[in-house]
Amino acid sequence: MVGFAGKSAVAGCAGLMALLGAPVPATAVAEQCANPTGTYTAAVPWGQRLIDPARVWPLSRGTGQLVAVIGTGVDGGNGQFARGQLVGGQGTEAEDCDGRGTIAAGIVGAQPDPSTTFAGIAPGVKLLPLRYTQANGGGDPGQLASAIETALNRGAGIILIAVPAASDSPALSGAVSRAREKGALIVSPAAGTQQGQTSYPTATPGVLAVGSTNQAGEAVQAESGSYLGISAPGAELVSTSAGAGGTVAHRWPVSDPGLAAAHVAGVAALVRAYHPGLSPEQVVARLTLTAHRGPGGGHDPRRGWGSIDAYAAVSAAIPAGTPGPGGPPSVGPDTVVVPAAAPARGGADKVSGVLALAGVAAAVAAGVVVAAVRRGKRRGWRPSRFVER
């Protein structure tokens, strides 16, 4: 079992032990806080290899993006966060006894460092650490709504829900609506551990819901639904640790749905920095259109539209206004993009954008055909008076 350092008593720190798969004694660990496993120096973690952020950095490092990390706070004392990267002020929390917020923040924006093979996805971002809970399994939806409002007031363009709530509320759904109005993208994980459980605001319309996968590409969370948009690594990962005391230090192996959402939030920051005019809906369309589909090619209730592809999401030439998989209601749910299989690594730089564009072109063409057929049926297949003669 990975050790913990005895610090100030904060309820809910047993949540990190559950996250790590470690047994929680009956006496629990309410008087202890998270501390590092060590400094990670082994092979590049599998989740980082899959996302391959260094391949994207010549195009985008997420510079100019403010990512709110809403959960248990973020310990700014880890040496892999740059000076000034964590934004302080109203509502922020630069301590994290539980540890989950610090782990999620590291996935998003930890700096490359010669002492470790681990690095975050978008090291150019600023991070806004907001605590609303320390409880394992989530917190109060009203308090989560308040944290989202704080993030919006502070100007966050991407809001990562590192720890979702297990129930909804009018305040929470209202906060999601205001985020959409202000152009902020909310990314939230499917964290339900039992069939039928639903996370919020994960299931709320307008939120990018993320499923978690292991190294084999299998979904590891029990929660499922048509609202799942995409999947990303969420099991047996490495990231920054709370309690580092100014050093570069990590926790591993860590498994938590919030880490899958952290991967997606990091890639969203890369996309928005490279395509600054995109709306949240356009970012989601770009992420889901370029995702690697499963064997069936369609939507999977636990993995969404497939596994995130950071390089394609940033580099693909996608026409403005292209709908995401499934298309808007005016086109219909029968319009589905099935991108080509992932290219071999050696030629990926040259062809991934072309493959993604080909898939998008197919989607647009399919949408036009579907719309034309439906219009024809409504008019009894009579020729339009606007047809050229």
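Residues numbered from 1 in each chain as written. Predicted model: local features only at pLDDT ≥ 70, side-chain atom pairs only at ≥ 80, totals over all residues. Heavy atoms only, no water.

An unreviewed UniProt entry lists the protein chain under the name Peptidase S8, with Amycolatopsis orientalis given as the organism. As recorded by UniProt, the Sequence similarities (unreviewed entry) comment attached to the protein chain reads in full: "Belongs to the peptidase S8 family." (UniProt positions renumbered as here; feature names shortened; annotations may be inferred.)

K.L.:
Can you explain the overall build of the protein chain? Please cite residues and give values.
P.N.:
Broken down by element type, the protein chain carries 10 helices and 8 strands. Within the protein chain, buried positions represent 52% of all 389 residues. Counted over contacts in the protein chain with a minimum sequence separation of 6, partners at least 24 positions apart contribute 73%. Accessible surface computed for the protein chain: about 15,900 Å², of which carbon and sulfur atoms make up 55%. (Helix = DSSP H or I, 4+ residues; strand = E, 2+ residues; numbered from the N terminus. Buried < 20%, exposed > 50% of the residue type's maximum accessible area, 1.4 Å probe, protein only. Contact = heavy atoms within 4.5 Å. Areas by Shrake-Rupley, 256 points an atom, 1.4 Å probe, with all protein chains shown as cover.)

K.L.:
Which residues make up the environment of Ala-285, and what values go with them?
P.N.:
Checked against the element boundaries, Ala-285 lands in helix α8 (residues 280-289). Counting along the chain gives 37 residues from Ala-285 to Thr-322, while the straight-line C-alpha distance between them is 7.5 Å. With residues up to four places along the chain from it excluded, the contact list for Ala-285 reads Thr-322, Pro-323 and Gly-324.

K.L.:
Summarise the pairing of strand β3 (residues 158-161); cite the residues concerned and give the values.
P.N.:
The alternating pattern of β3 places Ile-158 and Leu-160 on one face and Ile-159 and Ile-161 on the opposite face, and all of these are buried. Sheet topology places β3 next to strand β4 (residues 185-189); 3 bridges connect them, and they run parallel. Each bridged residue has a counterpart across the sheet, and for Leu-160 the counterpart in β4 is Val-187. In the classification by handedness, the crossover that spans β3, the intervening helix α6 (residues 170-181) and the parallel β4 is right-handed. (Pairing = 2+ DSSP bridges. Right-handed = clockwise from strand over helix to strand, strands pointing away.)

K.L.:
Describe in detail the packing of helix α5 (residues 141-153) against α6, supporting the description with residues and values.
P.N.:
Packing of α5 against α6 brings their axes to within 8 Å, and their N-to-C directions diverge by 20°. On the basis of the axis angle, α5 is roughly parallel to α6. Considering the relative orientation of α5 and α6, their crossing is left-handed. Packed against α5, whose contacting residues are Pro-141, Leu-144, Ala-145, Ile-148, Glu-149 and Leu-152, the element α6 presents Ala-171, Leu-172, Ala-175, Arg-178 and Ala-179 at the interface. Each residue belonging to the contact of α5 with α6 can be placed in one class, and the counts come to 9 nonpolar, no polar and 2 charged. (Axes fitted to C-alpha atoms, helices over the stretch in contact; angles between N-to-C directions. Parallel < 35°, antiparallel > 145°, perpendicular 65-115°, else oblique. Left-handed = near helix turned anticlockwise from the far one by under 90°. Nonpolar A, V, L, I, M, F, W, Y, C, P; charged D, E, K, R; others polar.)

K.L.:
Which residues make up the packing of aromatic side chains, and what are the values?
P.N.:
Here the structure, examined in full by the defined rule, presents 1 aromatic pair. With a centroid separation of 5.1 Å and an interplanar angle of 80°, the aromatic rings of Tyr-40 and Trp-252 are classed as edge-to-face. Highlighted residues: Tyr-40 in the loop between α1 (14-19) and α2 (46-51) and Trp-252 in strand β8 (residues 250-254), separated in sequence by 212 residues. Among the residues examined, Trp-252 registers a relative accessible area of 25% and is labelled partly exposed. (Phe/Tyr/Trp six-rings, centres within 6.5 Å; stacked < 30°, edge-to-face > 60°.)

K.L.:
Explain the state of the cysteines to me, and be specific about the residues and the numbers.
P.N.:
Taken as a whole and judged by the stated rule, the model has 1 disulfide. The disulfide partner of Cys-33 is Cys-97, and the S-S distance across this bridge is 2.1 Å. On the sign convention where negative means left-handed, the S-S torsion of about -100° between Cys-33 and Cys-97 marks this disulfide as left-handed. Of the two residues, Cys-33 sits in the loop between α1 and α2 while Cys-97 sits in the loop between β1 (66-71) and α4 (100-109), which places them 64 residues apart along the sequence. The pair Cys-33 / Cys-97 is uniform in exposure class, with both members buried. (Disulfide = S-S within 2.5 Å.)

K.L.:
Could you give me a rundown of empty space enclosed by the protein, with the residues and numbers involved?
P.N.:
The final tally for this structure, using the stated rule, is 3 cavities of 30 Å³ or more. Computed from the structure, the second largest cavity encloses a volume of approximately 70 Å³. Lining the second largest cavity are Pro-45, Gly-47, Gln-48, Ile-107, Phe-118, Ala-119, Gly-120, Ile-121, Leu-237, Val-238 and His-263. Looking at the lining of the second largest cavity, the elements with two or more residues in it are α2 and β7 (237-240). Of the residues assigned to the lining of the second largest cavity, the class counts are 7 nonpolar, 4 polar and no charged. (1 Å grid on protein atoms, 1.4 Å probe; cavity = no way out; pocket = protein on both sides within 12 Å on 5 of 7 lines; lining within 4 Å. Points joined across faces, edges and corners; volume = space filled by probe spheres on them.)

K.L.:
Which residues make up the side chain of Gln-221, and what values go with them?
P.N.:
Within the secondary structure, Gln-221 is located in the loop between β5 (208-213) and β6 (228-233). From its side chain, Gln-221 meets the backbone oxygen of Glu-223 in a polar contact 3.1 Å long. When residues no more than four places from it in sequence are discounted, the contact partners of Gln-221 are Ala-190, Gly-192, Gly-211, Ser-212, Leu-228 and Arg-302. (Polar contact = N/O pair within 3.5 Å; in protein donor to acceptor, adjacent residues only side chain to side chain.)

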